Amino acid sequence: FTVVATDAGLPSARTAEKALTITVVPPPTIAAADLPDGTTTVVYTTTTLSASGGASPYTWSIASGALPAGLSLSSGGTISGTPTATGTASVTIRVTGSNGGTSTRSFSIRVAAPLSVSTGSLANASLGTAYSQVVASSGGQAPITWTLKAGSALPDGLSLSSGGTVSGTPTTAGSTTFTVVATDAGLPSARTAEKA
């Protein structure tokens, strides 16, 4: 558009004009949908937030709530640290564009204790007699899924359910060593623990 300045000069006013431009920039939008879950005493998966639109460079800050204890957010949008307590933290993060436009997004980060297989041993089975034992875990984030480690095999006639139950009727006598693997529902990648 063109602005015109007119003075009060007498007997006739003087004018000057100039074409100016204003670009209306939408506020930036935070691109991340979810943040990774964490594990106490384990270095957090360093996450750098990203945004689109608005005017870069962007500045990041916490608008409300808090990150899990032990984690911090840099002004450049990087979340890092080592979680120190279990639980779920709710935090609203703000991104500010260089032109002052802002937007926010709320996140939840779950922090669990390290996943481990807590069953120390399983009861012996009797040949030809129905058998059922549950393998247990501690820590991690439910649900926990159980599998046999590649190359491991249960005694003939027994199987391991995804819920952690070893059951069936043994058909062959003898001692068998196998390794169970527990996998939790952690995001973006699950945690695993195994025990022979």
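Check the entry above for the structure.
The structure reproduced in this document is the subject of the present report. Treat the numbers as computed from the prediction; the structure is a model and nothing was measured. (Residues numbered from 1 in each chain as written. Predicted model: local features only at pLDDT ≥ 70, side-chain atom pairs only at ≥ 80, totals over all residues. Heavy atoms only, no water.)

A word on the nonpolar core
Ranked by internal contacts, the top residues of the largest apolar core, which has 17 residues, are Leu35, Leu49, Trp60, Ile79 and Ile93. Looking at this core, the elements that each hand over two or more residues are strand E8 (71-73), strand E10 (87-96) and strand E11 (102-112). The residues touching Leu49, leaving out its near neighbours within four places in the chain, are Ala32, Leu35, Trp60, Leu73, Gly77, Ile79 and Ile93. Residues Tyr131, Leu154, Leu158 and Ala182 belong to the second largest nonpolar core, which totals 13 residues. (Core = buried A, V, L, I, M, F, W, Y, C linked by side-chain atoms within 4.5 Å. Buried < 20%, exposed > 50% of the residue type's maximum accessible area, 1.4 Å probe, protein only. Helix = DSSP H or I, 4+ residues; strand = E, 2+ residues; numbered from the N terminus. Contact = heavy atoms within 4.5 Å.)

Quick look at the environment of Arg14
Take Arg14: it is sitting in the loop between strand E1 (2-6) and strand E2 (15-19). If we ignore the near neighbours within four places in the chain, the residues touching Arg14 are Ala5, Thr6, Asp7 and Gly9.

Thoughts on unusual backbone geometry
Cis geometry is adopted by the peptide bond preceding Pro57, which originates at Ser56 and carries an omega value of 5°. For Pro57, the location among the structural elements is in the loop between strand E6 (51-52) and strand E7 (59-65). For the bond running from Ala142 to Pro143, omega is 0°, close enough to zero to count as cis. Considering the arrangement of structural elements, one finds Pro143 in the loop between strand E14 (137-138) and strand E15 (145-148). The phi angle at Thr41 is positive, at roughly 70°, despite the residue not being glycine. Within the secondary structure, Thr41 sits in the loop between strand E4 (38-39) and strand E5 (47-48). Classification of Thr41 as exposed rests on a relative accessible area of 66%.

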